[in-house]
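The primary structure of each chain is shown beneath.
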Amino acid sequence: DSMARTKALQNVGITYDGDNLQSHLNTASFNATVEAIESTTFASTAMEQGPGAPSFSVDIGGPWSKTLDDFLRPDVLTPPDTLKTLVYFVGPSASRVTYTWTGSTTVGAFISNYTINADNPMGDITWSGTLTVSGSPVIS
């Protein structure tokens, strides 16, 4: 199996709380982290560590628009008690991996670190944020 290239164009998508963010994104980094539990004692001959619980987040951003702001502003102004449904896909339709968190009080996502960037008078207004995720996804 040779290493085939997979373009990001049209092969990455995010739906947050039913809102398709794909046309508002030009960057998306999926982070899956397993906590390292340190268990070294004075009797150990070297550092001892073991895996803890997994956690997930997605760093996102792109061109800012009022439409995007309308999607995210309600959750920024009043963070939800019930987490939002998040669907993240990567890969072309024939070999796509889709991660889904169905929103509840313990599973789902919320937007954090929402930033509107206007750092170049000749450039576009951009935005960035983090979809912080609780719980494990269903993968298809």
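Data block above holds the structure.
Quick caveat: nothing in here was measured; it's all calculated off a predicted structure. As a convention, each chain's residues are numbered from 1 in the sequence order in which they are written. Totals for whole chains, interfaces and linings use every residue, but because this is a predicted model, local features are given only for residues with pLDDT of at least 70 and side-chain atom pairs only at 80 or more, for both listing and counting. Side-chain metrics rest on all non-hydrogen atoms present in the structure, leaving aside hydrogens and water.

Reading across the sheet, the five strands line up as 2-1-5-6-9 and stay open at both edges, with antiparallel pairing between neighbours. The open sheet has two edge strands with one neighbour each: strand 2 (19-20) and strand 9 (138-139). The sheet contact formed by strand 5 (residues 86-90) and strand 6 (residues 97-101) spans five bridges and is antiparallel. Within the sheet, the bridge partner assigned to Phe 89 lies in strand 6 and is Thr 98. Pairing between two strands is assigned when DSSP locates at least 2 bridges connecting them. Strands are runs of DSSP state E lasting at least two residues, helices are runs of H or I lasting at least four, and both sets are numbered from the N terminus onward.

Moving on, we come to unusual backbone geometry. Located in the positive-phi region is Gln 10, a residue other than glycine, with phi close to 65°. One can find Gln 10 in the segment before strand 1 (12-16). Even without being a glycine, Asn 113 presents a positive backbone phi close to 55°. Considering the arrangement of structural elements, one finds Asn 113 in strand 7 (residues 108-117).

Another aspect to go through is the packing of aromatic side chains. For Phe, Tyr and Trp, where Trp contributes only its six-membered ring, two rings pair if their centres lie within 6.5 Å, and the inter-plane angle classes them as stacked under 30 degrees, edge-to-face over 60, or tilted in between. All told, the structure shown has eight aromatic pairs when counted by the stated rule. Three or more aromatic residues link up through ring pairs in this structure, and these residues are Phe 30, Phe 56, Tyr 88, Tyr 99 and Trp 101. Just above the ring of Phe 89 sits the side chain of Arg 96; from NZ or CZ to the centre is 3.8 Å. Any Lys NZ or Arg CZ found within 6 Å of a ring centre and within 35 degrees of that ring's normal is scored as a charge over the ring.

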